[in-house]
Amino acid sequence: MIEQDVLVITRHGAMPAFTACPSDPGRYPAILFYMDAPGIREELRNMARRIARQGYFCVLPDMYYRLGQLRFDLSRRDDRMSAVIGAAMRHLDDDRVMDDTAGLLAFVDAQDRARPGPVGAVGYCMSGRYATVAAARFPHRFAGVGSLYGVGLVTEDEASPHRLVGRIRGEMYYGFAETDGAAPPETIATLQAALDAAGVRYVLDVHPGTRHGYGFAAGAAYETIAAEKSWDRLFDLWDRTLK
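Residues numbered from 1 in each chain as written. Predicted model: local features only at pLDDT ≥ 70, side-chain atom pairs only at ≥ 80, totals over all residues. Heavy atoms only, no water.

A. Representation of the overall build of the protein. The number of helices and strands found in the protein is six helices and eight strands. Helices and strands in the protein line up, N terminus first, as β-β-β-α-β-α-α-β-α-β-β-α-β-α. Taking 18 Å as the expected radius of gyration for a compact globule of 243 residues, we find that the protein reaches 17 Å, a close match to that expectation. Overall, the C-alpha framework of the protein stretches about 45 × 45 × 35 Å when taken along its three principal axes. Residue burial in the protein is summarised as follows: out of 243 residues, 55% are buried. In the protein, the proportion of contacts linking residues at least 24 apart, taken out of those at least 6 apart, comes to 75%. (Helix = DSSP H or I, 4+ residues; strand = E, 2+ residues; numbered from the N terminus. Rg over C-alpha atoms; globule rule 2.2 N^0.38 Å. Buried < 20%, exposed > 50% of the residue type's maximum accessible area, 1.4 Å probe, protein only. Contact = heavy atoms within 4.5 Å.)

B. Geometry of the pattern of salt bridges. Summed over the entire model, instances satisfying the criterion amount to 19 salt bridges. In this structure, the salt-bridge partner of Glu42 is Arg45, at a minimum N-O distance of 3.1 Å. Of this pair, Glu42 and Arg45 both sit in helix α1 (residues 42–53), three residues apart, which is roughly one turn of that helix. Given the relative accessible area of 41%, Glu42 is considered partly exposed. (Salt bridge = Lys/Arg side-chain N within 4 Å of Asp/Glu carboxyl O.)

C. View of the layout of surface pockets. Looking at the largest pocket, its volume works out to about 440 Å³. Asp36, Pro38, Arg41, Leu74 and Arg77 are, among the 19 residues lining the largest pocket, the residues nearest its centre. Broken down by class, the residue content of the lining of the largest pocket amounts to 11 nonpolar, three polar and five charged. (1 Å grid on protein atoms, 1.4 Å probe; cavity = no way out; pocket = protein on both sides within 12 Å on 5 of 7 lines; lining within 4 Å. Points joined across faces, edges and corners; volume = space filled by probe spheres on them. Nonpolar A, V, L, I, M, F, W, Y, C, P; charged D, E, K, R; others polar.)

D. View of the side chain of Ser230. Inspection of the secondary structure assignment puts Ser230 in helix α6 (residues 224–242). Residue contacts for Ser230: discarding those within four places in its chain leaves Leu148, Tyr173, His207 and Tyr214.

E. Seen up close, helix α3 (residues 94–109). Helix length check: α3 (16 residues) gives 22 Å between terminal C-alpha atoms against 22 Å at 1.5 Å per residue, within 8%. What α3 keeps buried is the set Asp94, Val97, Met98, Asp100, Thr101, Gly103, Leu104, Leu105, Phe107 and Val108. (Expected span 1.5 Å × (residues − 1).)

F. Quick peek at the packing of α3 against helix α4 (residues 126–137). It is at 10 Å that the axes of α3 and α4 come closest, and there the two elements cross at 65°. The two elements α3 and α4 cross, and the hand of that crossing is right-handed. Contact residues: α3 offers Asp94, Asp95, Val97, Met98 and Thr101, while α4 offers Arg129, Tyr130, Val133, Ala134 and Arg137. Tallied by class, the residues present in the contact of α3 with α4 amount to five nonpolar, one polar and four charged. (Axes fitted to C-alpha atoms, helices over the stretch in contact; angles between N-to-C directions. Left-handed = near helix turned anticlockwise from the far one by under 90°.)

G. Here's a closer look at the sheet that holds strand β3 (residues 30–34). With respect to topology, eight strands assemble into an open sheet ordered β1-β2-β4-β3-β5-β6-β7-β8, the strand pairing being mixed. In this open sheet, the two edge strands, each paired with only one partner strand, are β1 (2–10) and β8 (201–211). Strand-to-strand, the axes of this sheet are offset by a mean angle of 20°, without reference to chain direction. Against the sheet, α1 makes contact with β1, β2 (13–21), β3, β4 (57–61) and β5 (119–124), and its axis sits at roughly 50° relative to β2, the strand it touches most. (Pairing = 2+ DSSP bridges.)

That's the geometry; what it means functionally is another story.
In structure tokens, the structure reads:
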């Protein structure tokens, strides 16, 4: 495995990122890994390594770079820490993250170890929205995109992600928890209706007996069966669309 801490140039400055790819000779399809609200931590790096081990060039950007270097010790999480995490999450919006995505695409295009052409992505929690918007804003680049218990996918705003899905050309995977106040059944139904109306190729799972955050092994909501099924869905998607 080749791992590096790098700086990705965006229109807003230098964004730190972690990259991982196999050490075997060759070029590997790129996967952009959009973080969840608690931000960069070793658990996310380990997930990036897992993606890389399957034959991908994975890039995990620090999406909070505009605020400096934010690192949260989640073992000490309380209401005060949650308030800070929430504030950090809210400083982002679609336009900022899409500006960063343009920088990430330029970055992977310049890497000797990254294969030119279509890329994949996955976004968890707050970034389930951003992964979907990226697939819509850069339809010529994103061939396979996953959104895991994404928040903000259906809003009243004209730019709500569910209103943009008609622009998507790639394939999508959506994984939701059975119990999730941020993505209740009516939200999932609205998203699914929009995907169907737009003719998007997608798979959507609502995992029984799960809560928001089921995919993170270090979290209290972790559910092994659902998490592994989501991994299987992602790798099947990327293997079909990128390899």
